[in-house]
Amino acid sequence: MVFYVLVTGVSALVTFGLAFLILKLSHRYRLYPKVRERDVHTRPTPRLGGIAMFIGMIVAFVVASGLPSMSLIFSEPLKVWGLFAAALIIVLIGVADDIWDLDWMTKLAGQIIAGGVLAWSGIQIYTLPIFGGVTILSPAASLALTVFAVVLVMNAINFIDGLDGLVAGVALIANGVFFIYSYILAVNTGQSEYFNLASLITAVLIGACLGFLPLNFYPAKLFMGDAGALLVGLLMAASAISVTGNADPESWGGRQLLPAFIPILLPAAVLLLPLLDFALAVVRRLLAGKSPFAADRKHLHHRLMDMGHTHLQSVLVFYSWTTVVAVGCLSFMFVPWYWATTIIAVGFVVCTAVTLGPLRRRTPLLREPAPAAVPSTDAVSALEAAPAPEATPASETKGHPL
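Contact geometry for helix α10 (residues 272–287) and helix α11 (residues 300–307): axes closest at 10 Å, N-to-C directions at 90°. Considering the angle they form, α10 stands roughly perpendicular to α11. Contacts from L273, L276, D277, L280 and R284 in α10 reach L300, H301 and R303 in α11. Here the contact of α10 with α11 is composed, by residue class, of 4 nonpolar, 1 polar and 3 charged.

Time to look at the nonpolar core. Ranked by internal contacts, the top residues of the largest apolar core, which has 96 residues, are M57, F61, L83, L200, V232 and M236. Excluding anything up to four places from it in sequence, L200 contacts Y4, V7, F61, A64, M70, I73 and F74. Grouped together as the second largest cluster of nonpolar side chains are 5 residues, A156, F159, A281 and V282 included.

Right, let's get into the packing of helix α12 (residues 311–330) against helix α13 (residues 337–355). Where α12 contacts α13, the axes come no closer than 9 Å and their chain directions differ by 170°. With respect to each other, α12 and α13 are oriented roughly antiparallel. Together, V317, S320, W321, V324, V325, G328 and C329 of α12 and A340, I344, G347, F348, C351, T352, V354 and T355 of α13 make up the contact between the two elements. The class makeup of the residues in the contact of α12 with α13 is 10 nonpolar, 5 polar and no charged.

A word on the side chain of T8. For T8, the location among the structural elements is in helix α1 (residues 2–28). Polar side-chain contacts of T8 include one of 3.2 Å to the backbone oxygen of A203. For T8, the contacting residues outside a window of four places in its chain are A203, I206, G207 and L210.

The predicted model of the chain has a mean per-residue pLDDT of 81, with 78% of residues at 70 or higher. The secondary structure element of the chain with the lowest average pLDDT is helix α16 (residues 394–397), at 39, and the one with the highest is helix α2 (residues 49–65), at 96. Under a pLDDT of 50 for its full length, residues 252–258 has, in the predicted model, 12 contacts with residues more than four places off or in other chains. The low-confidence segment residues 388–402, where pLDDT is below 50, has 1 contact with residues more than four positions distant or belonging to other chains.

Okay, the packing of aromatic side chains next. One pass over the structure, following the stated rule, counts 8 aromatic pairs. Geometrically, the ring pair formed by Y338 and W339 is tilted, given 6.2 Å between the ring centres and 50° between the ring planes. The class of Y338 is partly exposed, set by a relative accessible area of 44%. Site record: aromatic cluster; members linked through ring pairs are F61, W81 and F84.

So, on to the environment of L18. The topology assignment puts L18 in helix α1. Since its relative accessible area comes to 23%, L18 is described here as partly exposed. Between the alpha carbons of L18 and G56 there is a distance of 8.1 Å; along the sequence they are 38 residues apart. Discounting residues that sit within four places of it in the chain, L18 has contacts with A52 and I55.

Scanning the entire structure with this criterion turns up 3 salt bridges. The residue K107 makes a salt bridge to D97 at a minimum N-O spacing of 3.5 Å. With K107 in helix α4 (residues 104–120) and D97 in helix α3 (residues 77–100), the pair connects residues that are 10 residues apart, well separated along the chain. Across this residue pair, the class does not change: K107 and D97 are buried. For K107, the salt bridge is made with D226, and the minimal N-O distance between the two is 4.0 Å. With K107 in helix α4 and D226 in helix α8 (residues 225–244), this pair connects stretches of sequence that are 119 residues apart. Residue classification places D226 among the buried positions, given a relative accessible area of 12%. Connected through shared salt-bridge partners, D97, K107 and D226 make up one network.

What counts and what doesn't
Residues numbered from 1 in each chain as written. Predicted model: local features only at pLDDT ≥ 70, side-chain atom pairs only at ≥ 80, totals over all residues. Heavy atoms only, no water. Axes fitted to C-alpha atoms, helices over the stretch in contact; angles between N-to-C directions. Helix = DSSP H or I, 4+ residues; strand = E, 2+ residues; numbered from the N terminus. Parallel < 35°, antiparallel > 145°, perpendicular 65-115°, else oblique. Contact = heavy atoms within 4.5 Å. Nonpolar A, V, L, I, M, F, W, Y, C, P; charged D, E, K, R; others polar. Core = buried A, V, L, I, M, F, W, Y, C linked by side-chain atoms within 4.5 Å. Buried < 20%, exposed > 50% of the residue type's maximum accessible area, 1.4 Å probe, protein only. Polar contact = N/O pair within 3.5 Å; in protein donor to acceptor, adjacent residues only side chain to side chain. pLDDT = per-residue confidence, 0-100. Phe/Tyr/Trp six-rings, centres within 6.5 Å; stacked < 30°, edge-to-face > 60°. Salt bridge = Lys/Arg side-chain N within 4 Å of Asp/Glu carboxyl O.

Rendered as structure tokens:
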């Protein structure tokens, strides 16, 4: 555990230092786009923070490669190099989009290539722990499912990148929970390299988010841009695939049924809100006859602000839902199912009350106003019979309130 903390610290420090440098250079050379109509922020803000996160990840992996306890991860270097290559492709695509605003087909093609590189390197969904056992996938199905999962997660994370600190905070919470799961799973199954790789990826990503969040939290001084959001999605997908595609449900024994499905449930749980937002956006845009990747201002975080939440409150609502879903799902590994279900139910009730809070405060304003008084017939007749006032010269009205 100490070595994971060391790697996380290196990733955080390098990311923070480079992010601060990028912030200064961006302001000096005006490396920031204009404020778009759908943006929530009101002043131009640099959005190249993803570069700092990428370099922080690289440095952290280099440090990890020199630690004897993590040598097993690098015994098959193709996986690590494949992860680096996929991350580089995504960061280049993201930076180009942040600067030149690429069309959605170009971005999607780059994402598919990155997913293919990741699968080719060996980070692939080979099996699925379903029906209480392990289902082995064919090579074609394994490749297709891996690429689909990677592209889906990257876009889901990118879609919620609309508020200060939202992606970094959600990723920090989700990966913190996922790290606990992958680490415990590694201990229980004999420390195979897949689980160590998943834990290392998660630890590096936690560090990158920790280092970037101080400059990205509300009010944000620096955005991660598409480069950072897509990178976060890629790393989350890679760590989840490393666990989901290789975990054996039978290793948990027959004491409880639900822990056997944790390898599928937990990755879905930590990505519940991004995936929900992604699905709603795709359906909404297709029904409107638009591209599923056409930008708009109707995401979940936009709707929270329209309900009456402030910018910061909307971010905290996302944090709370992510915490409840991720921790609740993980609790099935430690407590009986009924206690875990209770934890989730109570969390849902609290989060729902907080989410709908502005609507309750606005309820009195929705009442119909009292009808205006209707003047009597005599009053109307008197007004009609009254002589019209004499016109006042313009010179006398100048300077008087109207």
